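Each chain, letter by letter, is given below.
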Amino acid sequence: MDALIDQLKGEIIEQLNLEDLKKEDIDADAPLFGEGLGLDSIDALELIVLLEKNYGIKIANPADGKKIFQSIRTMAEFVQANKK
Amino acid sequence: MEGFINGIGIISPQKTFGTDDFLSEVVEHNSKSLRCIEPSYKEFLNPVLARRMARIIKMGIAASNVCFKDAKVEIPDAIMTGTALGCLEDTEKFLLAIIENDEQFLTPTSFIQSTHNTVSAQIALQLKCMNYNFTYVHKGFSFESAVLDGLMTLAEGEAKNVLVGGHDEMTDKYYRVCDRIGYFKEETVPTMELINSKTNGSIAGEGAAFFVLSNAKSESTYAKLRGIKTIYKPKSNQEIESKITELLSSNGLTANDIDVVVYGINGDARFDKTYYHLKDNFFKNSTATYFKHLCGEYQTAGSFAFWVASKLIKTQSIPSAILIGDSRSRGFTSDGEQGLAIKNVLIYNTFLDSDHSVFLLSQC
């Protein structure tokens, strides 16, 4: 799980151009949206594409997004459970 | 139609940003493609917003920000920009993703920001400016169209202060494409030698320049813009001279009244002859200057010339870096020495000999 979390942090930094952040600056349990990383709705779309492109996972029900993208840890758990 | 140039912000391959200096020092790039000298954007942009922005958007926001401060205008009544290529870097990113990912997994950011009007839209968003906002995409007439719209809007009394600007960026991919179709020189030419080049093609360039045009003079006024003409694919030098004469006579002037002409000479042996015809015949009594060796060739390079002309009038001096060798006819030498006041300046520029434009600026 820790390796996956680390990998996701790197991919998110790259995909969302979070140039000023390093992996160690990101708390795996901090909220991704609003507080924490302070991401917005465009970032949410970028994360959906990231999951599909890098892990082959489609989010079938948009309502699940809120739970999946709560933090990097919840993302990692979702990836581990659904990775193809 | 006239407008007062009350503020300027410009990012270019020279040290033009956030300084009052007027080309006292020329930056030699030793490259076939000149890139802008960019400032740190942290002062102008929230890092959270900046992370999504491509270079040209950041350049546009920073340059317009400085322009507003220079003119002491907080919110313009209208924003008109001109760009031939728009946000090329993001367009390339998006198109490349389509190809590489077989039309799957398309990300929203580069798509949203790949449109030509992103820069003027982002300027408006930063200012929370809901006023008229228009982007002209007309190749070598893009900046000219924005300026014309600005002048007409002022003339109609619909605005007191308008932001007009031109911006285009050069990318490695676009350079390669243009190079293959002969836009640019095969050899690297030193900046100050470009004018003497006898080969085809020019050097690539880029830039973002913004101006506040106003209906009234202010403490910060650079010059008065008195008119603009565009000529598409002129058939002869006589047609060009006739259009210039129209512009001059509608302002009560003749060629003899033009103190300085700013030519778009770019070292391209195919197209520079028009400039030399005008210089040696029509404007033989005017001091001749040029600018594309400093900013490179690009579709909205006229905006760099607009800055040069405004500064010539405001500073009443001609930097030696832009003076064409034998231009001493009206007593101007260089670097502040002068025999006569610089009252009227004309810009003559063409992009690939198809889009020709003329601006007339005067002291006020």
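In the block above lies the structure referred to throughout.
What counts and what doesn't
Residues numbered from 1 in each chain as written. Chains lettered and ligands numbered in written order. Predicted model: local features only at pLDDT ≥ 70, side-chain atom pairs only at ≥ 80, totals over all residues. Heavy atoms only, no water. Helix = DSSP H or I, 4+ residues; strand = E, 2+ residues; numbered from the N terminus. Buried < 20%, exposed > 50% of the residue type's maximum accessible area, 1.4 Å probe, protein only. Pairing = 2+ DSSP bridges. Contact = heavy atoms within 4.5 Å. Buried area = accessible area lost by both parts, 1.4 Å probe. Salt bridge = Lys/Arg side-chain N within 4 Å of Asp/Glu carboxyl O. Right-handed = clockwise from strand over helix to strand, strands pointing away. Expected span 1.5 Å × (residues − 1). Polar contact = N/O pair within 3.5 Å; in protein donor to acceptor, adjacent residues only side chain to side chain.

1. What about unusual backbone geometry?
Thinking step 1. Phi at Lys 72 of chain B takes a positive value of approximately 55°, unusual for a residue other than glycine.
Thinking step 2. Within the element layout of this structure, Lys 72 of chain B appears in the loop between α2 (55–71) and β2 (78–82).

2. With respect to the pairing of β2 of chain B
All names here are of chain B.
Thinking step 1. Judged by how many residues are buried, β2 sits mostly within the fold: 5 of 5 residues are covered.
Thinking step 2. Here 5 bridges tie β2 to strand β3 (residues 132–136), and the two strands are oriented parallel to one another. Directly across from Gly 82, in β3, lies its bridge partner Tyr 136.

3. A word on the interface of chain B and chain A
Thinking step 1. Facing the 10 residues of chain B at the interface are 14 residues of chain A.
Thinking step 2. Buried area between chain B and chain A, both sides added, is near 1100 Å², and the carbon and sulfur share of it is 53%.
Thinking step 3. Taken as a group, Arg 51, Arg 52 and Phe 105 of chain B account for 54% of the area that chain B buries against chain A, more than any other trio of residues on that side.
Thinking step 4. Linking chain B with chain A are 3 salt bridges, by the criterion used here.

4. A few points about the pairing of strand β8 (residues 287–290) of chain B
Moving residue by residue along a regular strand, the side chains alternate between the two faces of the sheet.
Residue and element names in this part refer to chain B.
Thinking step 1. What you see with β8 is no split at all: Thr 287 and Thr 289 on one side and Ala 288 and Tyr 290 on the other are buried throughout.
Thinking step 2. Strand direction decides the pairing type here: strand β7 (residues 260–263) and β8, joined by 4 bridges, are parallel. From the neighbouring strand, Val 260 faces β8, where its bridge partner is Thr 287.
Thinking step 3. Considered for its hand, the β-α-β crossover made up of β7, helix α9 (residues 273–282) and β8 is right-handed.

5. Quick notes on helix α2 (residues 41–55) of chain A
Thinking step 1. Look at α2 of chain A: 21 Å from first C-alpha to last across 15 residues, which is about the 21 Å you get at 1.5 Å a residue.
Thinking step 2. All of the buried residues in α2 of chain A are Asp 43, Ala 44, Glu 46, Leu 47, Val 49, Leu 50, Leu 51 and Tyr 55 of chain A.
Thinking step 3. Along its buried surface, α2 of chain A packs onto α1 (2–15), α3 (65–68) and α4 (72–82) of chain A together with α4 (108–112) of chain B.
Thinking step 4. You can read the cap of α2 of chain A off the contacts: a side-chain oxygen lies 3.2 Å from the backbone nitrogen of Ile 42 of chain A, and it is on Asp 40 of chain A.
Thinking step 5. Positive backbone phi, approximately 65°, marks Gly 56 of chain A, located one or two places after α2 of chain A.

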